[in-house]
Each structure stands twice: as C-alpha cells, then as structure tokens.
Amino acid sequence: MSEPLRILPPKGQESFPVFLASGHSVRVHRIDPTDARPGSIIPSKFHKSALKEGCIYVGTEYEGEEEGDDAGNLTLIVAGIEAIIERDAAEDMDNTGRPTLKAIKVQVGFNVTRAQLNAAWDSFQESLA
C-alpha cells in the first residue's frame, strides 16, 4: 500500500489551519511534529479546502516558483538530515556518517539530487558551528 499524500502549508507559512463548512478543522505543518517529516497527513476530506487555500502536496512546487528555486526544498532536506541523524540507524548512513541519498529521499518524501543533498549537508554542518 502506498503512503498517504502529505500536504505543506501555503508558501512562507510554518503551519496553517484548514477549515470545512461543517466546522471541522485540521492544521497543516511544514515539518510534521509527530514524525519530523515534511508536510502533514490529513484526512482526504480536507484536501480540496487545503489546496484552495494555497497548500500544496509534498513534491510539487508552489505557484510561481521557478524550477531552479531550491530554497524551500533545502530547508526540508536539512530537516530530513536532522531527523535521520537523530534516529541514528546505521542503514541510513554512509561510511562517512552522512545520510544516504536513498534515506533522505524516503525521509523527505520527494526526489532529491546528490547536489541538493550536498548543499543541505553543508548548510546542516554550518548550523552546528
């Protein structure tokens, strides 16, 4: 069975509430507090309202975002690196102590290139200094 779709809040938001006419609501997070992965898994009945409010599915781009704009993805990849390192599972790390490309792709939920991982690793290293 495939993993449920994860949703990110509107561009520039860390979290965002989504409401239905019935009065039900849910909050969408950039980094889900329950599993430290990008985006939130919300019931499908909220998807249409969330997308209407500017939320997007993980792995897609915000409207007006250029293909080469990796700033948002870099933040998500760095968060993924932090989660993998905190988890400290040997199979997710290479022999230098860095997360493997495969592990980071699984963690963040979208395709990551080696160049993006290297840039995120550099940013992560700088944050430790």
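Report on the accompanying structure. (Residues numbered from 1 in each chain as written. Predicted model: local features only at pLDDT ≥ 70, side-chain atom pairs only at ≥ 80, totals over all residues. Heavy atoms only, no water.)

## Section: the packing of aromatic side chains
Where two aromatic rings form a pair, the distance of their centres and the angle of their planes describe that pair.
Now for step 1: According to the stated counting rule, one finds one aromatic pair in the structure shown.
Now for step 2: Taking 5.4 Å as the distance between ring centres and 40° as the angle between the ring planes, the aromatic pair formed by tryptophan 121 and phenylalanine 124 counts as tilted. Of this pair, tryptophan 121 and phenylalanine 124 both sit in helix α4 (residues 114–128), three residues apart, roughly one helical turn. (Phe/Tyr/Trp six-rings, centres within 6.5 Å; stacked < 30°, edge-to-face > 60°. Helix = DSSP H or I, 4+ residues; strand = E, 2+ residues; numbered from the N terminus.)

## A closer look at the nonpolar core
Now for step 1: With 20 residues, the main nonpolar core has Leu8, Ile77, Ile81, Ile104, Phe110, Val112 and Leu117 as its most contacted residues.
Now for step 2: Counting residues per element, the ones that place at least two in this core are α2 (71–87), α3 (101–108) and α4.
Now for step 3: With five residues, α2 is the largest single contributor of residues to this core.
Now for step 4: Beyond its immediate stretch of four places on either side in the chain, valine 112 contacts Ile77, Leu101, Ile104, Lys105 and Leu117.
Now for step 5: Ranked by size, the runner-up nonpolar core spans nine residues in total, among them Val18, Leu20, Ile42 and Cys55. (Core = buried A, V, L, I, M, F, W, Y, C linked by side-chain atoms within 4.5 Å. Buried < 20%, exposed > 50% of the residue type's maximum accessible area, 1.4 Å probe, protein only. Contact = heavy atoms within 4.5 Å.)

## So, the side chain of aspartate 32
Now for step 1: Here aspartate 32 is to be found in the loop between β3 (25–29) and α1 (47–52).
Now for step 2: Although buried, aspartate 32 forms no salt bridge, and the nearest oppositely charged side chain, arginine 6, lies 4.4 Å from it.
Now for step 3: Within the structure, the side chain of aspartate 32 is placed 3.3 Å from the side chain of serine 40, a separation counted as a polar contact.
Now for step 4: In contact with aspartate 32, not counting residues within four places along its chain, are Arg6, Arg37, Gly39, Ser40 and Ile41. (Lys, Arg positive; Asp, Glu negative; His and termini not counted. Salt bridge = Lys/Arg side-chain N within 4 Å of Asp/Glu carboxyl O. Polar contact = N/O pair within 3.5 Å; in protein donor to acceptor, adjacent residues only side chain to side chain.)

## Focus on unusual backbone geometry
Now for step 1: In this structure, alanine 36 is a non-glycine residue whose phi angle is positive, near 60°.
Now for step 2: In this fold, alanine 36 is placed in the loop between β3 and α1.
Now for step 3: Its identity is not glycine, yet aspartate 88 carries a phi of approximately 55°, on the positive side.
Now for step 4: Residue classification places aspartate 88 among the exposed residues on the basis of a relative accessible area of 58%.

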